[in-house]
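Secondary and tertiary structure notes
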Amino acid sequence: MRTIVISVAMVMMCVMMVHMVNVKPQKDFDLQKFAGRWYRVGLAYDSPGFVPLKDKVKISKGIVTILPSGNVNLTMWEALGGGCLHKVYQYNKTSVPGEFIYFSTRHNMVKDITVVDTNYSEYAVVLKYKNFNREYTQVALYGRSPRTRMPVIQKFKAFALSQGFPRASILTPPQAENCPPS
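This write-up is about the structure you can find in this document.

Conventions used here
Residues numbered from 1 in each chain as written. Predicted model: local features only at pLDDT ≥ 70, side-chain atom pairs only at ≥ 80, totals over all residues. Heavy atoms only, no water. Buried < 20%, exposed > 50% of the residue type's maximum accessible area, 1.4 Å probe, protein only. Helix = DSSP H or I, 4+ residues; strand = E, 2+ residues; numbered from the N terminus. Pairing = 2+ DSSP bridges. Phe/Tyr/Trp six-rings, centres within 6.5 Å; stacked < 30°, edge-to-face > 60°. Lys NZ or Arg CZ within 6 Å of the ring centre and 35° of its normal.

**Describing the pairing of strand E1 (residues 36-45)**
The buried count for E1 comes to eight of 10 residues, which makes it a mostly enclosed element. Pairing geometry for E1 and strand E2 (residues 60-66), over five bridges, is antiparallel. Bridge assignment links Arg-37 to a residue of E2, and that residue is Ile-63. For E1 and strand E8 (residues 138-143), the ladder comprises six bridges, and the chain directions are antiparallel. If you follow Ala-44 over to E8, its bridge partner there is Val-139.

What follows is the structure, given as structure tokens:
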């Protein structure tokens, strides 16, 4: 019996990894249309280290700026511990439009970012780290405003579930107060 359980678990992990690796970016991705203000209004993350923090997550704000090199800066403001944390990430373009890489100082490794689906004016679904790993892989829903229509949220949740994230790891956090400060 134990062998069967382990075998089923291994097959499920392999299927999840194949799903992630085969995820393609938005067809005809347009970085110019993608630039600007975004709010992270949804997050799927199943890291054991994240579980105690998930009730503290708030909507965060970001601004995507295109650099002359074609790379992208993402400036983020996140409400943490009563304060507002400001970070800047540099995402380096790849040969595939809609796919970027960056060095994660938190995990001390290079990660990929894929803009899976966007209509540019309302929402974007973004996958971080395709090689599925509970510790590193995330799916995020970004909106041009902190309020997102229910069909968009449902689309994000369906994508996260299809990638193997458990329902309990998919969040739509409340809005942060005064972060960034007005």
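Picking up where we left off.
**Things to note about the packing of aromatic side chains**
Pairs of aromatic rings are described using the distance from one ring centre to the other and the angle between the two planes. Within this structure, the stated rule accounts for eight aromatic pairs. Considering the side-chain rings of Tyr-45 and Phe-50, the 4.9 Å spacing of their centres and the 45° angle between planes classify their relative orientation as tilted. The pair Tyr-45 / Phe-50 is uniform in exposure class, with both members buried. Here the aromatic cluster, defined as three or more aromatic residues joined through ring pairs, consists of Phe-29, Phe-34, Trp-38, Phe-100 and Tyr-120. The side chain of Lys-61 reaches across the aromatic face of Trp-77, ending 5.9 Å from its centre.

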